[in-house]
Amino acid sequence: MKWTKSFIQTLREDPGDAEIDSHKLMVRAGLMKKVAGGLWTYLPLGMRVLNKVQRIVREEMDRAGALEIVMPILQPAELWKTSGRWETMGPNMFRAKDRASHDYALSPTAEEMVTEMVKGIVNSYRQLPVTVYQIQWKFRDEIRPRFGLMRSKEFLMKDAYSFDTTLEAADKSYMAMFEAYKRIFSRCGLKAYPVEADTGDIGGKFSHEFHVLAEAGEDGIAFCDACGYAANLEKAERKAPSCDDPACGAMEVIATPGAKTIAEVSGFMGVAGSAFVKSLIYNVDGRPVMVCVEGHREVNEVKLKHFLNAKKLELADYDMVLRASGANAGSVGPVKPADASLRIVADFALRGAKGRIVGANKDDYHIKNVDLDRDTSIKPEDYADLTIVQSGDICAKCGKPMIIKRGIEVGHVFKLGTKYTDAFKAAYKTDDLKEQVMVMGCYGIGVSRTVQAIIEQSHDGNGIIWPAAVAPYQVVIENLDPDDAEVTRTADELEARLETSGVDVIVDDRAERPGVKFKDADLIGFPVRVVVGAKGLKAGGIEIKRRDEDKSQLKIVPVVEAEAAIKAALV
RNA sequence: CGGGGUGUAGCGCAGUCUGGUAGCGCGUCUGCCUUGGGCGCAGAAGGCCGUGGGUUCAAAUCCCGCCGCCCCGACCA
């Protein structure tokens, strides 16, 4: 490929609306161009990267025994009503109508459609197991799309679905995908860590996310270096702390005028935040529930939802708070709330807590010297692990302290169980002629997000540093003197030889000054740069430099050795 | 959806407070010059100042509505 025949625009300055490096670089290097919030055009360079990541995904899915299919983006509403997700997906799902007013979903994922499809084909255990996959555009009406491809309304996803006869067999399918994912991310030049995760809206019992560690990541992950435990903060558990508060005297009401937040009240009273019990009223499927946690901690709503076995859970509105507790937010507490039948649950760190400070259920008052056992109606079985893990919390597996890092979720594997196969009655006949529901797994990779994660993990102040396997072109040949016949012939012959042997190469044949060309090459981040110029040829050769090396490491080789030297630099 | 910011040439921005015929840098085009890390000189093209209304002799600028984009939040009492 000749640069002058390509369609490449690079920008000298960062786009004004980009925040994180990978987003800025994708735009500056001419990989993509914004259409509107959360919507992108992939330009030729970006498309080449996207295609290379897809190729790796396909090869590894195929190697793992998965079979490629493609399903419609436009999906009849009936499928989604069968699973109940037509309602539960809410405004996250784009919807459309045809001329006859039939409802459709723009596929945000495809469990329903694939289950219906497999059900129609599989009758016998003899046909199982089977794993199918597609690489298809997905649509999600994100609350707030951001950071370029990190969270967009339309994105390319690889989604795979396994169907098995039994849970044990499904575990094998899950592990095959798990291993394939490790290979995929590794081949993309990414360090991706599998972490335990909650299953969210998809449902199911057990899952792992694959995360690329990056400050710009949207998820928090708890790591234990000692035993290797890694879990999304939504899921991460800590060892139950023991509470050895000494006995305290009688409760005492104190005025705390105007102080609402824990920080304000603790400042007002001159007491550490951890001495407080933070009490929140949640609306749980329409009924109020009070949740108590230590003052310096935050409620983990995912854990809370599971513990309460709730369908829908959100913070209560002002009315509900007032009716349940007798006070407005800021003065709520577990001691004698207005609604005497109010269920109160508490974080397990508060089991046996004494001498704590709580809201008085009366505006602008708190109570100190509270003994939760003595002074509240919290039932022993209503203490549970309900908070978000913090740095330094003790690992539930091994007892050592954990650390928190941030990650970009690039993949997710689920053991789904029979949630969808039950809903669709997707059954097969066993060898003793019984009907049995298939056991399912599902497995996603954000292909377009992975492209950006690669950049986020591999760039420097000059631009992107592509791993060779996914670079838009593996080699750029800088023709420094396009008007010089000898130089141009040398550059073009080298291009032809490399292309013949399967190396992706672009020749920068623009009539630009060398500085411009070098800046662009660094910005776009071609793994290997080859310089062919009149001066160099006279001096005996061409110059080869890897993007991840600095100038002092470049090599000068005779023209006849160039091809071999370039290939060696690519490894 | 709530809060904040922002919208002026392809890109990055100034001008808005204090109303008076729209500017800078980059990029683009022409010519000369230069040629190993975003050269230099000269010239040129390119803007319904997001959009609709209002105030005014006069609006990028003031007022009202709408829209787009970005950030934070959308539960932490």
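Below, the structure is looked at part by part. Given the structure is predicted, the values throughout are model-derived calculations rather than measurements.

### Let's talk about the protein's contact with RNA strand B
In the vicinity of RNA strand B, 42 residues are found, and the nearest of them are Ile-143, Arg-144, Glu-301, Ala-329 and Glu-543. Near-protein atoms of RNA strand B (within 4 Å) split between backbone and bases, with sugar and phosphate holding 47%. Between RNA strand B and Arg-146 there is a distance of 3.4 Å, counted from a phosphate oxygen to a side-chain nitrogen or oxygen. Note that a base oxygen of RNA strand B is positioned 3.0 Å from one of the side-chain N or O atoms of Tyr-282. Those elements giving two or more residues to the surface near RNA strand B turn out to be strand S1 (32–36), strand S14 (277–284), helix H14 (514–524), strand S29 (528–532) and helix H15 (534–539). In terms of residue count, H14 provides more of the surface near RNA strand B than any other element does, 7 residues in total. Residue composition of the surface near RNA strand B, grouped by class: 16 nonpolar, 6 polar and 20 charged.

### Brief notes about the environment of Arg-343
Its location among the elements puts Arg-343 in strand S17 (residues 343–347). Assessed through its relative accessible area of 35%, Arg-343 is described here as partly exposed. The contact partners of Arg-343, leaving out residues within four places of it in the chain, are Val-289, Met-290, Phe-307, Leu-308 and Asp-382.

### Observations concerning the layout of surface pockets
Empty space among the atoms becomes visible once a probe the size of a water molecule is rolled across them. The space that makes up the second largest pocket amounts to roughly 360 Å³. Lining the second largest pocket are 21 residues; nearest its centre among them are Lys-278, Ser-279, Leu-280, Ala-329 and Gly-330. Mapped onto the lining of the second largest pocket, the elements with two or more residues apiece are helix H7 (262–269), S14 and helix H9 (318–325). A total of 5 residues in the lining of the second largest pocket trace back to one element, the largest contributor, which is S14. Residue classes in the lining of the second largest pocket are distributed as 12 nonpolar, 6 polar and 3 charged.

### Observations concerning the sheet that holds strand S16 (residues 313–315)
Strands sit in the order S16-S14-S15-S17-S20 across an open sheet of 5 strands; the sheet is mixed. Two strands lie at the open edges of the sheet, namely S16 and strand S20 (383–384), each paired on one side alone. Of the pairings in the sheet, the one linking S14 to strand S15 (residues 287–294) comprises 8 bridges and is antiparallel in character. Bridged to Leu-280 within S15 is Val-291. Against the sheet, helix H8 (residues 301–308) touches S14, S15, S16, S17 and S20, its axis set at about 130° to S17.

### Details of the packing of aromatic side chains
Enumeration over the complete set of coordinates arrives at 9 aromatic pairs. Both rings, one in Phe-178 and one in Phe-210, keep their centres 5.3 Å apart while their planes meet at 55°; by these two values the pair is tilted. One end of the pair, Phe-178, is in helix H6 (residues 167–187); the other, Phe-210, is in strand S10 (residues 206–213), with 32 residues separating them in the sequence. Residue classification places Phe-178 among the buried positions, given a relative accessible area of 10%.

### Concerning the pattern of salt bridges
Under the definition given, this model contains 40 salt bridges. For the salt bridge of Arg-151 with Glu-218, the shortest nitrogen-to-oxygen distance reads 2.8 Å. In this pair, Arg-151 sits in the loop between strand S7 (130–139) and strand S8 (154–164) while Glu-218 sits in the loop between S10 and strand S11 (219–223), placing the two residues 67 residues apart along the sequence. We classify Arg-151 as partly exposed; its relative accessible area is 23%. According to the relative accessible area criterion, Glu-218 is partly exposed, its value standing at 23%. Across the pair Glu-563 and Arg-497 runs a salt bridge, and its minimum N-O distance is 3.1 Å. Of this pair, Glu-563 sits in helix H16 (residues 562–570) while Arg-497 sits in helix H13 (residues 485–500), and the two are 66 residues apart along the sequence.

### So, the sheet that holds strand S4 (residues 74–76)
Across the sheet, 3 strands lie side by side as S4-S6-S5; this open sheet has antiparallel pairing. Edge positions in the sheet fall to S4 and strand S5 (95–97), since each has one partner strand and no second. The mean angle between the axes of side-by-side strands here comes to 40°, regardless of whether they run parallel or antiparallel. One ladder, built from 3 bridges, connects S5 with strand S6 (residues 103–106); its direction is antiparallel.

### Observations concerning the side chain of Asn-479
If you trace the backbone, Asn-479 turns up in strand S27 (residues 475–479). Judged by relative accessible area, which is 1%, Asn-479 ranks as buried. Leave out the neighbours within four places in its chain, and Asn-479 touches Val-487, Thr-488, Ala-491, Val-507, Asp-508, Asp-509, Lys-517 and Val-532.

### Remarks on the nonpolar core
Ranked by size, the top nonpolar core spans 59 residues in total, and within it Val-53, Met-61, Tyr-181, Ile-184 and Trp-466 carry the most contacts. Taken domain by domain, this core gets at least three of its residues from each of domain 1 (15–236 + 405–455) and domain 3 (473–570). For Tyr-181, the residues in contact, after removing those within four places along its chain, are Met-61, Lys-158, Phe-210, Gly-411, His-412, Val-413, Tyr-443, Gly-444 and Ile-445. Core analysis: the next-biggest nonpolar cluster, separate from the first, contains 27 residues, Met-71, Met-93, Phe-163 and Phe-414 among them.

What counts, and at which threshold
- Residues numbered from 1 in each chain as written.
- Chains lettered and ligands numbered in written order.
- Predicted model: local features only at pLDDT ≥ 70, side-chain atom pairs only at ≥ 80, totals over all residues.
- Heavy atoms only, no water.
- Near = heavy atom within 4 Å.
- Polar contact = N/O pair within 3.5 Å; in protein donor to acceptor, adjacent residues only side chain to side chain.
- Helix = DSSP H or I, 4+ residues; strand = E, 2+ residues; numbered from the N terminus.
- Nonpolar A, V, L, I, M, F, W, Y, C, P; charged D, E, K, R; others polar.
- Buried < 20%, exposed > 50% of the residue type's maximum accessible area, 1.4 Å probe, protein only.
- Contact = heavy atoms within 4.5 Å.
- 1 Å grid on protein atoms, 1.4 Å probe; cavity = no way out; pocket = protein on both sides within 12 Å on 5 of 7 lines; lining within 4 Å.
- Points joined across faces, edges and corners; volume = space filled by probe spheres on them.
- Pairing = 2+ DSSP bridges.
- Axes fitted to C-alpha atoms, helices over the stretch in contact; angles between N-to-C directions.
- Phe/Tyr/Trp six-rings, centres within 6.5 Å; stacked < 30°, edge-to-face > 60°.
- Salt bridge = Lys/Arg side-chain N within 4 Å of Asp/Glu carboxyl O.
- Core = buried A, V, L, I, M, F, W, Y, C linked by side-chain atoms within 4.5 Å.
- Domains from an automatic or database assignment.

Note that every value here comes from positions in space, so none of it alone points to a role or purpose.
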